[in-house]
Amino acid sequence: MSRGGRHAYAALSIFAAGALVLSGCSKGGSNASDNDKKDQQNAKRQQASIKFGDAKDSTGPATAVPGAKTGGTLEVLQRDSYAHLDPAQIYVSDEGSLATLIHRGLTGYKATSNDGSKHEVVGDLATDSGTTTDGGKTWKYTLKDGIKFSDGTPITSADFRQTFERLFAPFINQGPTYLQQWLADTNGADYRKLLPDGPYKGKHLPDSVLETPDSKTVIFHFKTAHPDLPYALAMAGYAVVSKKGDTKEKYDKAPVTSGPYKIQSFKSGKSMVLVKNTNWDAKTDPIRNQYVDQMNFSFNVQYEDSTKALLADSGADQTGISFNNSVDAGNISAVLGGDAAVKARTVAGYQPYVGQVNINQSHAALKDKTVREAIAYALPITPMIRAFGGSSAAEVAGGFISPTVSGYDASFDPWGKKKNPGGDAAKAKALLKKAGKVGMKLTYGYINTPEGQQYSAAIAAALDKAGFNVQRQDIPAETFYDQIGKVDNNYDIYHSAWGADWPSASTVIPPLFDGRVIADGSPNYSHVNDPKVNADIDAANAITDPVKSAAAWEKIDQYLAKDVINAVPTIDYKQVQIAGSKVGGLVYDDVIGGIDPRRLYIK
């Protein structure tokens, strides 16, 4: 689900939560057994697969939210501005939340319960979630009648051809790559060879790969079966782009929208205003509602500030919310343990995100496995959990697979972090001495937020104690993932987070650790290229039995964490959010991994 964030099911993926320090237990924060029990149930539920809906399921309008009213202005308080608005460049949670309001694709996730816990994949701009007659090698989609862009232009198959062909162009380097790889029948970055310049120099994908026989039909032809295509197409990264309005790189700041809202103004780093898209037809949309007249976004609002404003609940903040800011660590106990009125306007849940400290494998000094082991033992997890708000906001991770994804092994703990989240400086120093590297310099690139400043200082101090010489360098939150996504970056270690794009570790291990996808913008942030991992990924991808598949992915996960040590798992994320008292329709959506913006209204 994020350059400054974490990926989630529909590529909605990511920004770390919390601030300040809580006094706490060995977990690194306050203990809340009732909430923990609910979190575990929530995580278990998210491991289940989500069914594909038929034409009836895909018919609009979306189910009405009980008690909802039309009108009013919603104030949206966000820490981070949006680096990308072009759907093909969206692969992070905050941009993904926004995408639910402004972009639409062939498929999408429809909530089938009023509490955000149940979903199905349905046809969004398509009449259903897709039909295949050969096990997933060929998929056919038919577009709905009456679908238009915000400028009034009808959406046709030509727009989808443009949408998918431009994914191969060099300037598209931040979004998901599943579809591109499937169309090119490759696991690595070589997919670009299929159409190196996208559609911009007159070349197109052949009908044997992507077929658009008429204005309403889109057909995908794969050489191998891809039964997960409806999940992939539900990602924001594959939402429709206007062929007529495609301005290439400039589209990233001023896209033509297709959802219930359009962008009236956007001042990067300062503000955004969304207003109703009058060319959106509710009858075509089974997923979204359009209650609020206008949404005013303010950026650079830190978690502590948004929490205090929404807790105070006065003036414009009564109609305020944040799509992605969490309740900060200093106020989380007061919010969760507060009076019933406060609790009624909070939501909480387990997220599919796992954090990791990447050890940059493109730097020669870090190719020494003993040095990497020393880093793994030395890293403390307690400061991160405290910075994010204690056990209500995070817990120690053993591997890279989240508790919400099948294949998760709760007992896996290769570096003893679950028993000793403070790290083992003595063991780390002994390893560093063995490697002859005591005093070795480490450049630590950290996200420049109050939370990042706090936990990075504690991590640097722990590494210094273990015998490293740590130099911290701050990276702006808005461009954090763009910076660490560069293969030739100057940082030795840096923290990132990732969530499954659908409930399978096949959307975790390959994008993060397949050495054949290393490129600028790739989420292989540690730049690891291990032949055994690459081969095991190919073998796991070929397994069709879900139980055997989950076991194979977990085996790779444990090999990476324990033996390759290109990254060190840190925390599994949870989320607590609050809204003003006049905001209605508030639920925590499992797929989004936070508040569902599509159902909000002003009371």
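About the thresholds
In this convention, every chain numbers its residues from 1, walking through the sequence in written order. The predicted origin of the model limits local features to residues at a pLDDT of at least 70 and limits the giving and counting of side-chain atom pairs to 80 or more, whereas totals for whole chains, interfaces and linings rest on all residues. The basis for the side-chain values is all heavy atoms of the structure; hydrogens and waters are excluded. By the convention used here, strands pair only if DSSP detects at least 2 bridges between them. What counts as a helix is a DSSP run of H or I of at least four residues, what counts as a strand is a run of E of at least two, and both are numbered from the N terminus. In what follows, residue pairs with any heavy atoms lying within 4.5 Å of each other are defined as contacts. Interaxial angles span 0 to 180 degrees and are taken between N-to-C directions of axes, which are lines fitted to C-alpha atoms, for helices over the stretch in contact. One less than the number of residues in a helix, times 1.5 Å, gives the span that helix is expected to have. We call a residue buried when its accessible area falls under 20% of the maximum for its residue type, exposed when it is over 50%, and partly exposed in between, using a 1.4 Å probe and counting protein chains only. Arc definition: it is the arc formed by the directions from the helix axis to the C-beta atoms. By definition in this entry, angles of less than 35 degrees are roughly parallel, angles greater than 145 are roughly antiparallel, angles of 65 to 115 are roughly perpendicular, and the rest are oblique. Two helices cross in a left-handed way if the nearer one is turned anticlockwise from the farther one by less than a right angle. They cross in a right-handed way if the turn is clockwise. In the analysis that follows, any N or O atom pair within 3.5 Å is treated as a polar contact, provided that within protein one partner can donate a hydrogen and the other can accept it, and provided that, for residues neighboring in sequence, both atoms belong to side chains. Remark: nonpolar core denotes a set of buried residues (Ala, Val, Leu, Ile, Met, Phe, Trp, Tyr, Cys) joined through side-chain atoms within 4.5 Å. In this scheme Phe, Tyr and Trp rings, the latter by its six-membered ring, pair at centre separations within 6.5 Å, and the angle between planes marks the pair as stacked below 30 degrees, edge-to-face above 60, and tilted otherwise. For a Lys NZ or an Arg CZ to count as sitting over a ring, it must be within 6 Å of the ring centre and within 35 degrees of the ring normal. Put simply, a salt bridge is a Lys or Arg side-chain nitrogen that is within 4 Å of an Asp or Glu carboxyl oxygen.

## Looking at the sheet that holds strand β4 (residues 138-142)
Here is step 1: Pairing is antiparallel across the open sheet formed by three strands, whose spatial order is β4-β6-β5. The sheet is open, and its two borders are formed by β4 and β5 (210-211), each paired with just one other strand.
Here is step 2: Across the sheet, helix α3 (residues 157-165) is in contact with β5 and β6 (217-221); its angle to β6 comes to roughly 35°.

## Side note on helix α12 (residues 450-465)
Here is step 1: The first and last C-alpha atoms of α12 sit 23 Å apart over 16 residues, in line with the 22 Å expected at 1.5 Å per residue.
Here is step 2: Residues of α12 that are buried: E451, G452, Y455, S456, I459, A460, A462 and L463. One side of α12 holds all its buried residues, which, seen down the axis, span an arc of 160°.
Here is step 3: Buried positions along α12 lie against α6 (303-312), α9 (369-378), α10 (382-388), β13 (441-447), β14 (469-475) and β15 (493-499).
Here is step 4: At the C-terminal side of α12, G467 shows a positive phi close to 115°.

## Points about the packing of α9 against helix α11 (residues 425-434)
Here is step 1: One way to put it is that α9 packs onto α11 with a least axis distance of 8 Å and a crossing angle of 165°. In terms of their interaxial angle, α9 and α11 are classed as roughly antiparallel. In this structure, α9 crosses over α11, and the sense of that crossing is left-handed. Contacts from T370, V371, E373, A374, Y377 and A378 of α9 reach α11 at K427, A428, L431, L432 and K434.

## Remarks on unusual backbone geometry
Here is step 1: The omega torsion across G60 and P61 is 0°, close enough to zero to call that bond cis.
Here is step 2: Structurally, P61 can be placed in the loop between α1 (33-46) and β1 (73-77).
Here is step 3: Positive phi outside glycine occurs at K248, with the angle close to 60°.
Here is step 4: You can see K248 is positioned in the loop between α5 (229-233) and β7 (261-267).
Here is step 5: Using a relative accessible area of 33% as the deciding quantity, one classes K248 as partly exposed.
Here is step 6: One non-glycine residue, N300, lies in positive phi territory at about 65°.
Here is step 7: One can find N300 in the loop between β9 (294-298) and α6.

## Quick look at α9
Here is step 1: Of all ten residues that make up α9, eight are buried, and the element is covered over most of its length.
Here is step 2: Of the residues making up α9, those classed as buried are T370, V371, R372, A374, I375, A376, Y377 and A378.
Here is step 3: Near the N-terminus of α9, the side chain that reaches the backbone nitrogen of T370, with its oxygen 2.9 Å away, is that of D368.

## A short note on the nonpolar core
Here is step 1: Counting residues in hydrophobic clusters, the biggest one holds 68 residues, and the most contacted among them are F164, L179 and F220.
Here is step 2: Counting only elements with at least two residues in this core, the list comes to β4, α3, α4 (178-184), β6, α5, α14 (509-513), α15 (531-541) and α16 (546-564).
Here is step 3: Ranked by residues supplied to this core, first place goes to α16 with six residues.
Here is step 4: With residues near it in sequence (within four places) discarded, F220 still touches L106, K137, T138, W139, Y141, F164, L179, L183, V209, L210, L229 and L233.
Here is step 5: Formed by 60 residues, the second largest nonpolar core is a distinct cluster that contains I359, I375, A428 and V568.

## Description of the packing of aromatic side chains
For any pair of aromatic rings, the description consists of the separation of the ring centres together with the inter-plane angle of the planes.
Here is step 1: Scanning the entire structure with this criterion turns up 26 aromatic pairs.
Here is step 2: The interplanar angle of 45° and the centroid separation of 6.2 Å between the aromatic rings of Y178 and W182 together place this pair among those described as tilted. Residue Y178 and its partner W182 are located together in helix α4, separated by four residues, close to a single helical turn.
Here is step 3: Residue class for Y178 comes out buried when judged on its relative accessible area of 8%.
Here is step 4: Considering the side-chain rings of F220 and F222, the 6.1 Å spacing of their centres and the 10° angle between planes classify their relative orientation as stacked.
Here is step 5: Here the aromatic residues F52, Y141, F160, F164, Y178, W182, F220, F222, Y231 and W502 are joined through ring pairs into a cluster of three or more.
Here is step 6: The side chain of R166 reaches across the aromatic face of Y251, ending 5.3 Å from its centre.

## Observations regarding the sheet that holds β15
Here is step 1: One open sheet accounts for six strands, arranged β12-β16-β11-β15-β13-β14; its pairing is mixed. The sheet terminates laterally at β12 (394-396) and β14, the two strands that pair on one side only. Shown here is a sheet whose adjacent strand axes are inclined to one another by a mean of 30°, direction ignored.
Here is step 2: By the bridge criterion, three bridges tie β12 to strand β16 (residues 567-578) in an arrangement that is antiparallel. Pairing of V396 across the sheet is with I571, part of β16.

## What about the pattern of salt bridges?
Here is step 1: Using the criterion set out here, one finds 26 salt bridges in the structure.
Here is step 2: Between D207 and R161 there is a salt bridge whose closest N-O contact spans 3.5 Å. Taken as a pair, D207 in the loop between α4 and β5 and R161 in helix α3 lie far apart in primary sequence, 46 residues in all.
Here is step 3: Owing to a relative accessible area of 12%, R161 belongs among the buried residues under this scheme.
Here is step 4: Residue D596 is joined to R598 by a salt bridge in which the shortest nitrogen-to-oxygen separation is 2.8 Å. Neither residue differs from the other here; D596 and R598 are each classed as buried.
Here is step 5: One connected set of salt bridges, linked through shared partners, spans K51, D57, K110 and E120.

## Notes on the environment of R192
Here is step 1: Tracing the backbone shows R192 in the loop between α4 and β5.
Here is step 2: On the basis of relative accessibility, which here comes to 23%, the residue R192 falls in the partly exposed class.
Here is step 3: With 32 residues separating them in the primary sequence, R192 and T224 have C-alpha atoms 18 Å apart.
Here is step 4: For R192, the contacting residues outside a window of four places in its chain are L167, F168, A169, P170, I172 and N173.
Here is step 5: Of note is the side chain of R192, whose polar atom sits 2.6 Å from the backbone oxygen of I172.

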